[in-house]
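Understanding the architecture of this molecule
Here is how the chains run, residue by residue.
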Amino acid sequence: MPLKNTARNYGTIAKWLHWTTALLFLASYCSVYYRQWFTERDTPENWIALQLHLSVGVTIAVIVALRIIWRIGNRLPDPEPGSRLEHLAAHIGHYALYAIMIVMPITGYLGTGVNTEFFLLFDIPKFETTALFSTVVSEGMGLTYKEFEKPIDFIHKELMGEWLVWLLILGHIAAALYHQFVKKDRTLAKMTSGK
Ligand code: HEM
Ligand code: HEM
């Protein structure tokens, strides 16, 4: 199977990047909701679940950076037949998914008040202790970390994490199933077996 995308299919690298991101999104939701629903505050499990969420989120940021570079240097497979409106909706949907893949890790990092113990390998300092925070946010904008964190947390949790991300991902999966079972075209095959 070719590494790069062809007119007929996504290539192996685009498929790996796509399905790894999908698995990491699942892991990100499982860890954060496990923490909220099944652990008590100030217990080791609560901390581990949080750290898992942070590490998975940072990994998503790295994969997405690679994915964007790969996407820019690669053609897309030819679209399946469909109306102009369907193609436009698919484009908007894909760009919106890229937007959440970028905004979620950034707001997650900026709004976190603890260091990320990246899979117990090394520490990533919390934003509050970085030079960027002191020069841009503290001196430049005159904000304390608490004041800065509030709207960022709102975007990460209430606005996006709790519903916008779900809406886009579920809409995306529904579109894939619609192509597979109603239109019976090759849209899902292009991202899977390629047959
Ligand atoms: C694509 C990546 C990410 C997704 C989809 C995601 C999603 C979520 C969701 C759904 C929540 C729970 C919202 C609620 O309170 O109901 C949450 C909370 C949180 N996220 Fe993320 N997140 C991502 C990346 C990150 C990153 C990179 C960090 C930090 C390095 C981070 C830090 C946090 C923190 C500290 C919380 C609060 C945890 C809690 O109160 O239990 N997130 N995130
Ligand atoms: C079970 C889950 C998923 C299924 C079945 C699925 C299915 C697909 C399919 C069939 C395509 C090809 C569409 C086309 O060429 O028109 C595609 C592309 C795409 N998917 Fe997914 N997907 C899933 C999860 C996700 C997740 C979680 C994200 C990101 C948060 C995502 C982001 C994208 C993007 C941005 C594209 C456009 C192609 C690219 O630039 O890589 N997908 N997906």
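The rules behind the values
- Residues numbered from 1 in each chain as written.
- Chains lettered and ligands numbered in written order.
- Predicted model: local features only at pLDDT ≥ 70, side-chain atom pairs only at ≥ 80, totals over all residues.
- Heavy atoms only, no water.
- Patch = residues over 30% accessible without salt bridge, like charges linked within 9 Å, V, L, I, M, F, W, Y side chains within 5 Å.
- Areas by Shrake-Rupley, 256 points an atom, 1.4 Å probe, with all protein chains shown as cover.
- Salt bridge = Lys/Arg side-chain N within 4 Å of Asp/Glu carboxyl O.
- Buried < 20%, exposed > 50% of the residue type's maximum accessible area, 1.4 Å probe, protein only.
- Near = heavy atom within 4 Å.
- Polar contact = N/O pair within 3.5 Å; in protein donor to acceptor, adjacent residues only side chain to side chain.
- Helix = DSSP H or I, 4+ residues; strand = E, 2+ residues; numbered from the N terminus.
- Nonpolar A, V, L, I, M, F, W, Y, C, P; charged D, E, K, R; others polar.
- Donors = N, O, S within 2.8 Å, 3.2 Å for Na, K, Ca; no water.
- Tetrahedral: all angles 85-135°; square planar, octahedral: opposite > 155°, others 65-115°.
- Phe/Tyr/Trp six-rings, centres within 6.5 Å; stacked < 30°, edge-to-face > 60°.
- Core = buried A, V, L, I, M, F, W, Y, C linked by side-chain atoms within 4.5 Å.
- Contact = heavy atoms within 4.5 Å.

What to know about a nonpolar patch on the surface
- Together, W166, L170, I173, L177, Y178, F181 and V182 give the surface a local cluster of nonpolar side chains, amounting to about 710 Å² of exposed area.
- You can call F181 exposed: its relative accessible area is 56%.

A word on the site of ligand 2
- In the vicinity of ligand 2 lie 17 residues, with Y10, H18, R71, Y98 and H172 positioned nearest.
- With respect to ligand 2, the side chain of R71 contributes an N or O atom lying 2.9 Å from an oxygen atom.
- One of the side-chain N or O atoms of Y98 is found 2.6 Å from an oxygen atom in ligand 2.
- Of all the elements in the fold, those that place two or more residues in the shell around ligand 2 are α1 (12-38), α2 (44-72), α3 (84-110), α5 (145-183) and α6 (187-191).
- Here the shell around ligand 2 is built from residues that sort into 11 nonpolar, four polar and two charged.

A closer look at the coordination of the iron atom of ligand 1
- Surrounding the iron atom of ligand 1 are the protein donor atoms H53 (NE2) and H156 (NE2), at 2.0 to 2.1 Å.
- Around the iron atom of ligand 1, the six donor atoms are arranged such that angles at the metal cover 87 to 179°; this shape is classified as octahedral. Residue H53 is located in helix α2, and its partner H156 is located in helix α5; the two are separated by 103 residues in the primary sequence. No difference in accessibility class separates H53 from H156, as the two residues are buried.

Looking at the packing of aromatic side chains
- Applying the stated rule across the entire model yields 12 aromatic pairs.
- Judged by centre distance (5.8 Å) and plane angle (40°), the ring pair of Y34 and F38 falls under tilted. In this pair, Y34 and F38 both sit in helix α1, four residues apart, roughly one turn of the helix.
- Given the relative accessible area of 41%, Y34 is considered partly exposed.
- Residue F38 is classed as exposed on the basis of its relative accessible area of 58%.
- Pairing F118 with F119 gives two aromatic rings, centres 4.9 Å apart and planes at 75°, and the pair type is edge-to-face.

Side note on the nonpolar core
- Counting residues in hydrophobic clusters, the biggest one holds 17 residues, and the most contacted among them are L24, F25, I60, I100, M101, M160 and V165.
- Within the residue set of this core, elements represented by two or more residues are α1, α2, α3 and α5.
- Considering each element in turn, this core owes the most residues, six residues, to α1.
- Filtering out sequence-adjacent residues up to four positions away, L24 remains in contact with V56, T59, I60 and I63.
- Core analysis: the next-biggest nonpolar cluster, separate from the first, contains seven residues, F127, F133, Y145 and F148 among them.

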